[in-house]
Amino acid sequence: MSGEASAEVASFEAKWSAAHPEFGLALAFARGPDRAAASAFACLVCEIEHAAFGIREAQPAAVKLQWWAEEFARAARGEARHPLTQALAERLASAPVPPLAWHDVVVGALAQRDPEPAADAAALFEGYDRLYSPLATIDAALFGADARAAAATLSATRALRDTAALVDVLRDGKLPLPLDLLARHRLARGDLASASAPREAALSEWLTTLSERLRSSTTREQPIGSLRGAMAGVNAIRAARAAASAAPLDTLRDLLARLSLPTTWAAWRAARRSRT
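Since we're looking at a predicted model, the values are computed, not measured.

### Notes on the overall build of the protein
Then step 1. Across its full length, the protein carries 15 helices and 0 strands.
Then step 2. Buried positions account for 51% of the 276 residues belonging to the protein.
Then step 3. When the accessible surface of the protein is totalled, it reaches about 12,200 Å², and 55% of it is carbon and sulfur.

### Some words on the packing of helix H3 (residues 35–54) against helix H4 (residues 58–76)
Then step 1. In the contact formed by H3 and H4, the axes pass within 9 Å of each other and the chain directions differ by 145°. Residues Leu-44, Glu-47, Ile-48 and Ala-51 of H3 pack against Ala-61, Lys-64, Leu-65, Trp-68 and Phe-72 of H4.
Then step 2. Partitioned by chemical class, the residues of the contact of H3 with H4 number 7 nonpolar, no polar and 2 charged.

### Quick look at the nonpolar core
Then step 1. Ranked by size, the top nonpolar core spans 80 residues in total, and within it Leu-88 and Leu-131 carry the most contacts.
Then step 2. If one sorts the elements of this core by residue count, H3 sits on top with 13 residues.
Then step 3. Excluding its chain neighbours within four sequence positions, the residues that come into contact with Leu-131 are Ile-48, Ala-52, Phe-53, Val-105, Gly-108, Ala-109 and Gln-112.

### Points about helix H12 (residues 197–216)
Then step 1. The first and last C-alpha atoms of H12 sit 29 Å apart over 20 residues, in line with the 28 Å expected at 1.5 Å per residue.
Then step 2. By the burial criterion, the buried members of H12 are Arg-199, Glu-200, Ala-202, Leu-203, Trp-206, Leu-207, Leu-210, Ser-211 and Leu-214.

### Observations regarding the pattern of salt bridges
Then step 1. In the structure shown here, the tally under the stated rule is 14 salt bridges.
Then step 2. Linking Arg-171 and Asp-168 is a salt bridge whose minimum nitrogen-to-oxygen distance equals 2.6 Å. Of the two residues, Arg-171 and Asp-168 both sit in helix H10 (residues 166–171), 3 residues apart, roughly one turn of that helix.
Then step 3. The class for Arg-171 is exposed, based on a relative accessible area of 54%.
Then step 4. Three or more residues joined by partner-sharing salt bridges are found here, namely Glu-22, Arg-161 and Arg-238.

### A few points about the environment of Leu-227
Then step 1. Within the secondary structure, Leu-227 sits in helix H13 (residues 225–243).
Then step 2. When the C-alpha positions of Leu-227 and Ser-39 are compared, they lie 8.1 Å apart, and in sequence the two are 188 residues distant.
Then step 3. With residues near it in sequence (within four places) discarded, Leu-227 still touches Ala-26, Leu-27, Ala-30, Ala-38 and Ser-39.

### Here we look at the packing of aromatic side chains
Then step 1. Evaluation of the coordinates by the stated rule reveals 6 aromatic pairs.
Then step 2. Centroid distance Phe-125 to Trp-206: 5.8 Å. Interplanar angle 20°. Geometry classified as stacked. Pair noted here: Phe-125 is in helix H8 (residues 121–143) and Trp-206 is in helix H12, with a separation of 81 residues, a long-range link. Accessibility assignment for this pair places Phe-125 and Trp-206 in one class, buried.
Then step 3. Its end group placed over the ring of Phe-125, Arg-213 keeps NZ or CZ at 3.8 Å from the ring centre.

### So, the packing of H4 against helix H7 (residues 99–111)
Then step 1. Contact geometry for H4 and H7: axes closest at 9 Å, N-to-C directions at 175°. By the angle between their directions, the pair H4 and H7 is classed as roughly antiparallel. Contacts between H4 and H7 involve Ala-62, Leu-65, Ala-69 and Phe-72 on the former and, on the latter, Trp-102, Val-105, Val-106, Ala-109 and Leu-110.

### Details of the side chain of Thr-163
Then step 1. Tracing the backbone shows Thr-163 in helix H9 (residues 147–164).
Then step 2. At 3.1 Å, the side chain of Thr-163 and the side chain of Trp-206 are in polar contact.
Then step 3. Beyond its immediate sequence surroundings of up to four residues, Thr-163 is in contact with Pro-176, Leu-177, Leu-203, Trp-206, Leu-207, Leu-210, Leu-249 and Leu-252.

### Focus on H7
Then step 1. Here H7 has its buried residues at Ala-101, Trp-102, Val-105, Val-106, Gly-108, Ala-109 and Ala-111.
Then step 2. Buried positions along H7 lie against H3, H4, helix H6 (89–94) and H8.

### Some remarks on the environment of Ser-6
Then step 1. With respect to the helices and strands, Ser-6 occurs in the segment before helix H1 (7–19).
Then step 2. When the C-alpha positions of Ser-6 and Pro-83 are compared, they lie 8.7 Å apart, and in sequence the two are 77 residues distant.
Then step 3. Polar side-chain contacts of Ser-6 include one of 3.2 Å to the backbone nitrogen of Val-9.

Rules behind the numbers
The residue numbers shown here count from 1 along each chain, following its written sequence. In keeping with the predicted nature of the model, local features appear solely for residues at pLDDT of at least 70, side-chain atom pairs appear and are counted solely at 80 or more, and the whole-chain, interface and lining totals rest on all residues. Values reported for side chains reflect all heavy atoms of the structure, with hydrogen atoms and water molecules removed beforehand. Secondary structure counts use DSSP, requiring at least four H or I residues in a row for a helix and at least two E residues in a row for a strand, with both numbered from the N terminus. Partly exposed describes any residue whose relative accessible area lies between the buried limit of under 20% and the exposed limit of over 50%, with all areas from a 1.4 Å probe on protein chains only and scaled to the type maximum. Note that accessible areas follow from Shrake-Rupley with a 1.4 Å probe, and for residues the cover is restricted to the protein chains shown. Angular values range over 0 to 180 degrees, each being the angle between N-to-C directions of two axes fitted as lines to C-alpha atoms, with helices fitted over their stretch in contact. The contact definition used throughout considers only heavy atoms, calling two residues in contact when any of these lie within 4.5 Å. Each residue receives one of three labels: charged for Asp, Glu, Lys and Arg, nonpolar for Ala, Val, Leu, Ile, Met, Phe, Trp, Tyr, Cys and Pro, and polar for the others, Gly being one of them. Among the buried residues, those of types Ala, Val, Leu, Ile, Met, Phe, Trp, Tyr and Cys that are joined through side-chain atoms within 4.5 Å form a nonpolar core. An expected span of 1.5 Å times one less than the residue number is assigned to each helix. The term salt bridge refers to a side-chain nitrogen of Lys or Arg lying within 4 Å of a carboxyl oxygen of Asp or Glu. Paired rings are identified among Phe, Tyr and Trp, the last through its six-membered ring, by centres lying within 6.5 Å, and are further divided according to the angle between planes into stacked (under 30 degrees), edge-to-face (over 60) and tilted (the rest). Think of it as a cone above the ring: NZ of Lys or CZ of Arg counts as a charge over the ring if it is within 6 Å of the ring centre and within 35 degrees of the ring normal. For classification, angles of less than 35 degrees are called roughly parallel, those exceeding 145 degrees roughly antiparallel, those between 65 and 115 degrees roughly perpendicular, and all remaining angles oblique. Any N or O atom pair separated by 3.5 Å or less is treated as a polar contact, with the protein-specific requirement of one donor-capable and one acceptor-capable atom, and with residues adjacent in sequence counted only for side-chain atom pairs.

Given below as structure tokens:
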């Protein structure tokens, strides 16, 4: 496959770059023959994430994920219909994905719809990993990525996004912070909807945890690390800057909507370090 993305894949790139500025930044770092396939896979992850987290109604989300389950089965047989799975067809033929991995992706995505509150950070990340570990397994099969590092990056990035959408996530019946963190700051679930000194302190502690996790996930070399490394690098800096702010939630939302020059520079450095 050529290193250039097709027009159809490019439309998905534009879609997700508009929603997530770091995605466009990561694509700017991607080079070489793996670029088109790596981009298609990254866009595919975004599509699955949208079905798991972005569609509020349960039935449409289930229908969407069922369609993807059928598409993954077709792709495994070399009969892909979607532009993203078609863009991965050559790679799938040369580097077969473990048979259960695609199934586990859909099961993991469905599990994100109604999760139980997490007792601690480890349990919270384990919940996200139900989706991101099989995605990382596929990443490893297709591109030789470090599956543990990929899963850690994706899980921490999703935790950061859910934290930024705190009020909406709470309204959907989910809790994006671990229970032990709330206990340390003497917060009840209902206290998170309104700004207060304990809430800001809890958010600052949580964002520091996420920043450290994102930084650690970029330390291992990855063949297509220019994509993941840039995205993790950007979000690690965003989380750290928000944690240091007097208004962590407002700062995080602002930072997620744009890319500052210092953030871009740091992300470039992270991408260079993670590229092989």
